[in-house]
Amino acid sequence: MNKLSIAIDMDEVIADPIDKFITLYQQDHGYNYTLDQMHGKEFGELLPAELTHTLREYINRKGFFRDLKPIPDAQETIAELHKKYDVYIVSAATEFPLSLEDKQAWLADHFPFISWTNIMFCGHKIVNTDIMIDDRTKNFAKFSGRKLLFTSPHNVTLTEYERVNTWKEVAEKLL
Ligand SMILES: [Mg+2]
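Residues numbered from 1 in each chain as written. Predicted model: local features only at pLDDT ≥ 70, side-chain atom pairs only at ≥ 80, totals over all residues. Heavy atoms only, no water.

- In the annotation of an unreviewed UniProt entry, the protein is listed under the name 5'(3')-deoxyribonucleotidase and assigned to Mucilaginibacter antarcticus.
- The protein has a UniProt comment under Sequence similarities (unreviewed entry) that states "Belongs to the 5'(3')-deoxyribonucleotidase family." (UniProt positions renumbered as here; feature names shortened; annotations may be inferred.)

As structure tokens, then:
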């Protein structure tokens, strides 16, 4: 039987860097940012000008991606999808070279059923799976399969894609 294939993004889809940004800027700079403030914006847009450079510094640090919280219900839903589909994790991780080891170790911790053969760390996402789940519409530009835009604060105002707000909604659509 030929299974359909799915490419699943990491950040803001199965892993939560925004929660970590909120914690870091609270701890290190005393700001109490909330998700509501991000409505339609990138986290970096909330920062005062003198701190905007610090965001990339945090992301480029070894360890930044190692302890992110999983997005709610991602583990359970992807474990079920894994039985029915060929599931690939596709992350534009090469932008942050120190993230590679952290991301693979994080996947081993939280998604141990995903084999190394199904992990794709890349730059541009040139993939030909049947379905893609991603929070960034730029990754849909050259993708011809079914596109599921996973809701993240920065994309809430976009209307041109099929949207999934939660992993429970992904389960309803695909399982
Ligand atoms: Mg993402």
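## Here we look at the packing of helix α1 (residues 17–29) against helix α2 (residues 52–60)
Then, number 1: Viewed as axis vectors pointing N to C, α1 and α2 meet at an angle of 115°, and their least axial separation amounts to 12 Å. Compared by their axis directions, α1 and α2 come out roughly perpendicular. The interaxial crossing formed by α1 with α2 has right-handed handedness. Within the contact between the two elements, α1 uses F21, L24, Y25, D28 and H29 and α2 uses T54, L55, Y58 and I59.
Then, number 2: Along the lines of polarity and charge, the residues of the contact of α1 with α2 split into 6 nonpolar, 2 polar and 1 charged. (Axes fitted to C-alpha atoms, helices over the stretch in contact; angles between N-to-C directions. Helix = DSSP H or I, 4+ residues; strand = E, 2+ residues; numbered from the N terminus. Parallel < 35°, antiparallel > 145°, perpendicular 65-115°, else oblique. Left-handed = near helix turned anticlockwise from the far one by under 90°. Contact = heavy atoms within 4.5 Å. Nonpolar A, V, L, I, M, F, W, Y, C, P; charged D, E, K, R; others polar.)

## Some details on helix α5 (residues 167–174)
Then, number 1: Taken together, the buried positions of α5 are occupied by W167, V170 and L174. Seen end-on, α5 carries its buried residues on one side only, within an arc spanning 45°. Set apart from the buried face of α5 by more than 90 degrees, the exposed residues are K168 and E172.
Then, number 2: On its buried face, α5 is in contact with β1 (5–8), α3 (74–84), β6 (131–134), β7 (146–150) and β8 (162–164).
Then, number 3: A distance of 3.3 Å separates the backbone nitrogen of K168 from a side-chain oxygen at the start of α5, and that oxygen is part of T166. (Buried < 20%, exposed > 50% of the residue type's maximum accessible area, 1.4 Å probe, protein only. Arc of directions from axis to C-beta. Polar contact = N/O pair within 3.5 Å; in protein donor to acceptor, adjacent residues only side chain to side chain.)

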